[in-house]
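Chain residues, written in single-letter form:
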Amino acid sequence: MPLDTQKLNSLGLPKPPAETRVVVAMSGGVDSSVVAAMLAEEGYDVVGVTLQLYDHGAALAKKGACCAGVDIHDARRVAEQMGFPHYVLDYENIFKDAVIEEFAESYLGGATPVPCIRCNERVKFKDLLETAKDLDADCMATGHYIQRKLGEHGPELHSAADANRDQSYFLFSTTPDQLEFLRFPLGHLQSKAETRALAAKYGLTVADKPDSQDICFVPDGNYAGVIEKLRPGSVAPGEIVHADGRVLGHHKGVIHYTIGQRRGLGIGGLDEPLYVVKLDVDSRRVVVGPKEMLSTRTVPVREINWLGDVPLASRAEWHVSVKVRSTRPPREAILRARPDGTAEVELLTPEEGVSPGQACVFYETGGTRILGGGWIWRGY
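The text that follows walks through the structure, step by step, so that each part is easy to find.

Cut-offs applied
- Residues numbered from 1 in each chain as written.
- Predicted model: local features only at pLDDT ≥ 70, side-chain atom pairs only at ≥ 80, totals over all residues.
- Heavy atoms only, no water.
- Helix = DSSP H or I, 4+ residues; strand = E, 2+ residues; numbered from the N terminus.
- Expected span 1.5 Å × (residues − 1).
- Buried < 20%, exposed > 50% of the residue type's maximum accessible area, 1.4 Å probe, protein only.
- Contact = heavy atoms within 4.5 Å.
- Bend = angle between axes of the 7 residues up to and from the residue.
- Phe/Tyr/Trp six-rings, centres within 6.5 Å; stacked < 30°, edge-to-face > 60°.
- Lys NZ or Arg CZ within 6 Å of the ring centre and 35° of its normal.

Looking now at helix H1 (residues 30-41). Taking 1.5 Å of rise per residue, the twelve residues of H1 would be expected to cover 16 Å, and the 16 Å separating its terminal C-alpha atoms lies within 8% of that figure. Across the twelve residues of H1, ten count as buried, placing the element largely inside the fold. By the burial criterion, the buried members of H1 are Val30, Asp31, Ser32, Ser33, Val34, Val35, Ala36, Ala37, Met38 and Leu39. Each element contacted by the buried residues of H1 is listed here: strand S1 (21-25), strand S2 (45-52), helix H3 (69-82), strand S4 (139-141) and helix H7 (192-201).

Given below as structure tokens:
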């Protein structure tokens, strides 16, 4: 029987749910728990997998962050309740090498990294996805709020129906091959309330569990403290300097500052509000200036993941919308590929506080499709 005439199940595969094995990446939170419970109830052959990303004993005391000890326990309870197998995989060394080390180096280099993107790219959608294939899974499902839709040329990545929950910024580096294997069952929901209602429907103990707010290995938000622990002695004091050359004060380390920061500079008594406009790591200087110095129209990007239907270099210009931070709405821009594999984004409206280390994600203007993205760098 031709494939297009076979009945597809809810995951878009041409066989009954009972014959379809799905590995569900379970963080222990309500989102992935609902995905696992939903698919188990539909009759799929569900296998839950949770990653232990750092020391389990230390993690037990960390609240408000994913993948901690209590979260492993919660994921296991959901699996027991819904009657499917659950495995905990020790990814501590992989996570440290692929995510934490780069996080430290980026901060020490004056950038503002986004480790959650690297975790998806290098751990969850790489090593874990390969583990799912080793388990003979037909696909892997996650609790991310993003949509996978079938287009004319294959699977496409689209923003979530709920703009407040959309996680497309953190998933721009998903490759076409990965997209073939991945499923995102929550992307079409209109609100987090719907997810919690489903959790209550399935009787899950995590139905009212708070969302994680922090980077999992920085549960208290103290990035500098983590860097100092990872790189003892690497944080050196220096000067806080106005863009016009005046020395305004001193700091205890460049890693304590980010581009666009205004509060906590320790240089009061000035007539004008000042912002961090540059981090000069080599000279250990934090450069401050007026707000207008933060505005930029040109954003250099590299390590580009392109999800368009034709090659990025096939056109001189692409009219797209871009996000330069996860919390900002997409803004119209022109994307130009360079011969060396990097690209330049020209913002039609200037943005403030564009920072190296953040992602620049490309969207279809006026639509929901994600066309890929890249990493912002200094371009020199």
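Of all the bends in helix H5 (residues 115-134), the greatest measures close to 25° and is centred on Leu128. When we look at burial in H5, the residues that qualify are Pro115, Ile117, Arg118, Cys119, Asn120, Val123, Phe125, Leu128, Leu129 and Ala132. Just past H5, the residue Asp136 takes up positive phi, approximately 65°.

Looking now at the packing of aromatic side chains. A ring pair, where both rings are aromatic, is described by two values, the distance of the centres and the angle of the planes. Across all of its chains, the model carries ten aromatic pairs by this definition. With centroids separated by 5.1 Å and ring planes inclined at 90°, the aromatic side chains of Phe103 and Phe217 adopt a geometry described as edge-to-face. Placement of the pair is Phe103 in helix H4 (residues 92-108) and Phe217 in the loop between H7 and helix H8 (223-230), with a sequence separation of 114 residues. Of the two residues, Phe103 and Phe217, both sit in the buried class. Aromatic side chains Trp306 and Phe362 sit 6.4 Å apart centroid to centroid with 50° between the ring planes, which places their arrangement in the tilted category. Residue Trp306 is located in strand S12 (residues 295-306), and its partner Phe362 is located in strand S16 (residues 359-363); the two are separated by 56 residues in the primary sequence. Looking at Trp306, the relative accessible area reads 15%, which means it is buried. Note on Phe362: relative accessible area 0%, which makes it buried. Taken together through their ring pairs, the aromatic side chains of Phe95, Phe103, Tyr107, Phe217 and Tyr223 make up a single cluster. Here the basic side chain of Lys133 rests over the ring of Phe181, its NZ or CZ set 5.2 Å away from the ring centre. Sitting over the face of the ring of Trp318, Arg315 holds its NZ or CZ atom 3.8 Å from the ring centroid.

None of the figures reported here should be taken as evidence of function without further support.
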